[in-house]
Amino acid sequence: MPPPPPPLGRARKRAAQAFDEALDDAGLAAARTALAQGRWQTTRSLLGRTGDDWDRRGHRITVLAREPYCAAWAREWLLAEPGSADATLLLALAGVRRALRGKEKPARVREDCLAAAELRPADPTPWLGLLLLECARGAEGDVVRIFEQVRTRHPDHHHAHHLMVGWLAERRVEAGPDPLHEVYDFANWAAEQAPADSPLAILPVIAHAERYRTLAAAGHVPADPVASGHWVGRRARQVMKAAFDWWLEWEHEEHPRRLVDLNFLAHAKVCEGRGAEAAALFHRIGDHAAPAPWSYPDRDPLTAFRTARAAALGRA
């Protein structure tokens, strides 16, 4: 039996939340609201229009999969359209989210993701689901193998590269700060391999922030990112300048996850003390704040974002 519809006012409550994973994707937000009410046909249409825009497809599927009743409605969809690749994938990614919360067996979820992959072999999104799972729970060999499955299908996959950076940043944290750490090498390699207009050019900034997260959590650097000195070394400044210059020249207003990058870049410019550059980024971000990296290592992200934005825009 399908779940009951949500109580009235749920959409208004969600709109009032500070962080929305849909970012500025109005179509995704509308489909998520409809899915919460049991109207999976809107999601069907949205994913049909998305086609093989793999970054957008991955973004939309992972956000929809967070909807509490997503799995139940995906099953309803499959009853109406047995063998639907989109419904099978949505159910699999909802299972990944449940497994990450300890409410589903990982082995079952892996099977579901592989089943979704068989229905649409060119789609990297089932492998993105597996990567989400294995970065949290799997062995090193599994993470690398699955990442290569994603790259085979979409070499510049934005979300997958972010996941790998976050996972690599946690390695050898006991050694403390290391400018030659592998996460920096990986991010630089990915940025160099990507086309000139690829947002993976920002990946070295992501690596810098993710490594700070792990070092601060382990007590190797101060918990205040601005006071930590992590963003003011020569290498760090080169990374931040290159990323900001890329943004000025190549900004992709249509990329579904560009606001994730802009939050990381604005955070870096705040920590670097570059207020004018940070202000330009905050203007682009608007109200589309993201928890990461403003929460690093253990701060309230909304307070950190608002404080930094007010200072950069001259309203402190």
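Structure's up top.
Residues numbered from 1 in each chain as written. Predicted model: local features only at pLDDT ≥ 70, side-chain atom pairs only at ≥ 80, totals over all residues. Heavy atoms only, no water.

Participant: Explain the overall build of the protein chain to me, please; I cannot follow it from the model alone.
Facilitator: For the protein chain, the helix and strand inventory stands at 17 helices and zero strands. Over its C-alpha atoms the protein chain spans a radius of gyration of 20 Å, differing by no more than 12% from the 20 Å that the globule rule assigns to 316 residues. Summarising its shape, the C-alpha atoms of the protein chain cover approximately 60 × 45 × 35 Å along the three principal directions. Looking at the protein chain as a whole, 51% of its 316 residues qualify as buried. When contacts within the protein chain are restricted to residue pairs at least 6 apart in sequence, long-range pairs at least 24 apart make up 66% of them. (Helix = DSSP H or I, 4+ residues; strand = E, 2+ residues; numbered from the N terminus. Rg over C-alpha atoms; globule rule 2.2 N^0.38 Å. Buried < 20%, exposed > 50% of the residue type's maximum accessible area, 1.4 Å probe, protein only. Contact = heavy atoms within 4.5 Å.)

Participant: What is the right way to read the packing of helix α11 (residues 182–193) against helix α12 (residues 203–217) from this model?
Facilitator: Running from N to C, α11 and α12 point in directions that differ by 165°, and their axes come no closer than 8 Å. Considering the angle they form, α11 stands roughly antiparallel to α12. Here the hand of the crossing between α11 and α12 comes out right-handed. Contacts between α11 and α12 involve Val 183, Tyr 184, Phe 186, Ala 187, Asn 188, Ala 190 and Ala 191 from the first element and Leu 203, Pro 204, Ala 207, His 208 and Arg 211 from the second. Grouping the amino acids of the contact of α11 with α12 by side-chain chemistry returns nine nonpolar, two polar and one charged. (Axes fitted to C-alpha atoms, helices over the stretch in contact; angles between N-to-C directions. Parallel < 35°, antiparallel > 145°, perpendicular 65-115°, else oblique. Left-handed = near helix turned anticlockwise from the far one by under 90°. Nonpolar A, V, L, I, M, F, W, Y, C, P; charged D, E, K, R; others polar.)

Participant: Explain the pattern of salt bridges here, please?
Facilitator: Two side chains carrying opposite charge are able to pair once their charged atoms lie near each other. Within this structure, the stated rule accounts for 25 salt bridges. Here Glu 104 makes a salt bridge to Arg 98, at a shortest N to O gap of 3.7 Å. Look at Arg 98 and you get partly exposed, because its relative accessible area is 32%. Note that Arg 172 is salt-bridged to Asp 178, the shortest N-O span being 3.8 Å. Given the relative accessible area of 36%, Arg 172 is considered partly exposed. (Salt bridge = Lys/Arg side-chain N within 4 Å of Asp/Glu carboxyl O.)

Participant: Would you explain the packing of helix α5 (residues 70–80) against helix α6 (residues 85–100) in this entry?
Facilitator: The description of two packed helices rests on the angle between their axes and on the distance between the axes. Where α5 contacts α6, the axes come no closer than 9 Å and their chain directions differ by 160°. Relative to α6, the element α5 lies roughly antiparallel. Where α5 crosses over α6, the two elements pack in a sense that is left-handed. Residues Cys 70, Ala 71, Ala 74, Arg 75, Trp 77 and Leu 78 of α5 form the contact with α6, whose own contacting residues are Asp 86, Ala 87, Thr 88, Leu 90, Leu 91 and Ala 94. Residue composition of the contact of α5 with α6, grouped by class: nine nonpolar, one polar and two charged.

Participant: Is there a simple way to think about the environment of Ala 191 in this case?
Facilitator: Along the chain, Ala 191 falls in helix α11. Judged by its relative accessible area of 22%, Ala 191 is partly exposed. In sequence terms Ala 191 and Ala 201 are ten residues apart; their C-alpha atoms lie 4.7 Å from each other. Excluding residues within four positions of it along the chain, Ala 191 makes contact with Leu 200, Ala 201 and Pro 204.

Participant: How should I be thinking about the state of the cysteines in this particular structure?
Facilitator: Joining two cysteines, a disulfide is a covalent bond between their sulfur atoms. The final tally for this structure, using the stated rule, is zero disulfides. Residue Cys 113 stays outside any disulfide, its sulfur separated by 12 Å from that of Cys 70, the closest cysteine. Residue classification places Cys 113 among the buried positions, given a relative accessible area of 0%. (Disulfide = S-S within 2.5 Å.)

Participant: Could you clarify how one ought to interpret the nonpolar core in this entry?
Facilitator: Side chains of a nonpolar character, in soluble globular proteins, are inclined to be buried together. Counting 91 residues, the largest nonpolar core has Leu 90, Leu 131, Val 205, Leu 265 and Phe 282 as the members making the most contacts within it. With sequence-adjacent residues up to four places away left out, Leu 90 is seen in contact with Leu 35, Thr 43, Ile 61, Leu 64, Ala 65, Cys 70, Ala 74 and Trp 77. (Core = buried A, V, L, I, M, F, W, Y, C linked by side-chain atoms within 4.5 Å.)

Participant: How should helix α7 (residues 106–119) be read in this particular structure?
Facilitator: Structural remark: α-helix, 3.6 residues per turn; residues separated by three or four positions point the same way. The first and last C-alpha atoms of α7 sit 20 Å apart over 14 residues, in line with the 20 Å expected at 1.5 Å per residue. Along α7, the residues classified as buried are Val 109, Cys 113, Ala 116 and Ala 117. Along α7, the residues classed as buried sweep out an arc of 105° about the axis, all on the same side. Facing away from the buried side of α7 by more than 90 degrees, the exposed set consists of Glu 111 and Glu 118. As for α7, its buried residues are in contact with α6 and α8 (125–137). (Expected span 1.5 Å × (residues − 1). Arc of directions from axis to C-beta.)

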